[in-house]
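Chain by chain, the residues:
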Amino acid sequence: LDEQKWFFENIMKKIIIDRSEDTKFLSEFVSFITGLTFVPNRKKGDASYEILIEFDSIDENRKQPRAYPESKTCANVMILPGHVYDNNRETFEELLDECLEQVKQNNFSSG
């Protein structure tokens, strides 16, 4: 659990912050997880729209060192392997970018 928390705080958030000026990336990222290309407006404190990140250490496919991030658009969930790419930002970012490109090329949402 500590490894996943560290990954979320020090890699996942930093990628989003570092790429926050790239509206194309943000739109594709949100689309990958939610199926939408925008984040709906909501009132402060309204938790009806959230993006969740799950870490899975059980599924055999996600135990591979270069397992792709997955998502369930109906639930706004991104699923990452429990090993979190050994906390390697470059590996995660490369695989995430490949997923975003595939979704864009195939014009479909992932879940």
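Residues numbered from 1 in each chain as written. Predicted model: local features only at pLDDT ≥ 70, side-chain atom pairs only at ≥ 80, totals over all residues. Heavy atoms only, no water.

Engineer: Whenever I open this one, the pairing of strand 3 (residues 77-81) confuses me. Can you help?
Structural biologist: Walk down a regular strand and you will see the side chains alternate between the two sheet faces. Taken across its 5 residues, strand 3 has 5 buried, putting it largely inside the fold. The side-chain alternation of strand 3 yields two buried faces, one formed by Val-77, Ile-79 and Pro-81 and the other by Met-78 and Leu-80. As defined by bridge partners, strand 1 (residues 52-56) adjoins strand 3 across 5 bridges and the pair is classed as parallel. Across the sheet, residue Glu-54 finds its bridge partner in strand 3, namely Ile-79. Where strand 2 (residues 70-72) meets strand 3, 3 bridges bridge the pair, whose relative direction is antiparallel. In the sheet register, Ser-71 faces strand 3, and the bridge partner there is Met-78. What sits between strand 2 and strand 3 in their antiparallel hairpin is a turn of 4 residues, with Asn-76 showing a positive phi close to 55°. (Buried < 20%, exposed > 50% of the residue type's maximum accessible area, 1.4 Å probe, protein only. Helix = DSSP H or I, 4+ residues; strand = E, 2+ residues; numbered from the N terminus. Pairing = 2+ DSSP bridges.)

Engineer: Even after reading the chapter, I still don't get the nonpolar core, so can you show me in this structure?
Structural biologist: In a soluble, globular protein the nonpolar side chains are often hidden away together inside. Judged by nonpolar contacts, the single largest core of 18 residues is most densely connected at Phe-7, Phe-29, Phe-32, Met-78, Phe-92 and Leu-96. Examining the composition of this core, we find that 6 residues originate from one element, helix 3 (residues 89-106), more than from any other. (Core = buried A, V, L, I, M, F, W, Y, C linked by side-chain atoms within 4.5 Å.)

Engineer: Any chance you could explain unusual backbone geometry here in plain terms?
Structural biologist: Backbone phi values are negative for most residues with the exception of glycine, while trans is the configuration of most peptide bonds. The phi torsion at Val-84 lies on the positive side, around 40°, for a residue other than glycine. If you trace the backbone, Val-84 turns up in the loop between strand 3 and helix 3. Accessibility expressed as a relative area gives 0% for Val-84, which makes it buried. Phi angles above zero are rare outside glycine, and Asp-86 is one such case at about 50°. Among the secondary structure elements, Asp-86 is positioned in the loop between strand 3 and helix 3.

Engineer: What is the right way to look at the sheet that holds strand 3 in this model?
Structural biologist: Neighbouring strands of a sheet are bound in pairs by backbone hydrogen bonds; such pairs are parallel or else antiparallel. The 3 strands lie next to each other as 1-3-2, forming an open sheet whose pairing is mixed. Looking at which strands have only one partner, the edges of the open sheet turn out to be strand 1 and strand 2. Between one strand axis and the next, the sheet turns by 30° as a mean value, whatever way the strands run. Across the sheet, helix 1 (residues 2-18) lies against strand 1 and strand 3, angled at about 135° from strand 1, the strand it touches most. (Axes fitted to C-alpha atoms, helices over the stretch in contact; angles between N-to-C directions. Contact = heavy atoms within 4.5 Å.)

Engineer: In this structure, what is going on with helix 3? I would like to understand it.
Structural biologist: Every α-helix carries 3.6 residues per turn, so stepping three or four residues along brings you back to the same face. Helix length check: helix 3, at 18 residues, gives a terminal C-alpha distance of 26 Å against a target of 26 Å (1.5 Å per residue), a fit within 8%. Those residues of helix 3 that fall on the buried side of the exposure criterion are Thr-91, Phe-92, Glu-93, Leu-95, Leu-96, Cys-99, Leu-100 and Val-103. The inward-facing, buried residues of helix 3 contact helix 1, helix 2 (23-34) and strand 3. Where helix 3 starts, the residue carrying a side-chain oxygen 3.0 Å from the main-chain nitrogen of Glu-90 turns out to be Asn-88. (Expected span 1.5 Å × (residues − 1). Polar contact = N/O pair within 3.5 Å; in protein donor to acceptor, adjacent residues only side chain to side chain.)

Engineer: Can you help me understand the state of the cysteines in this one?
Structural biologist: Here, the word disulfide means a covalent bond between the sulfur atoms of two cysteines. As enumerated under the stated definition, the model contains 0 disulfides in all. Take Cys-74: it sits in no disulfide, and the sulfur closest to it among the cysteines is that of Cys-99, at 17 Å. Judged by relative accessible area, Cys-74 falls into the exposed class, the value being 71%. Here Cys-99 falls in the buried class, since its relative accessible area comes to 9%. (Disulfide = S-S within 2.5 Å.)

That's the geometry; what it means functionally is another story.
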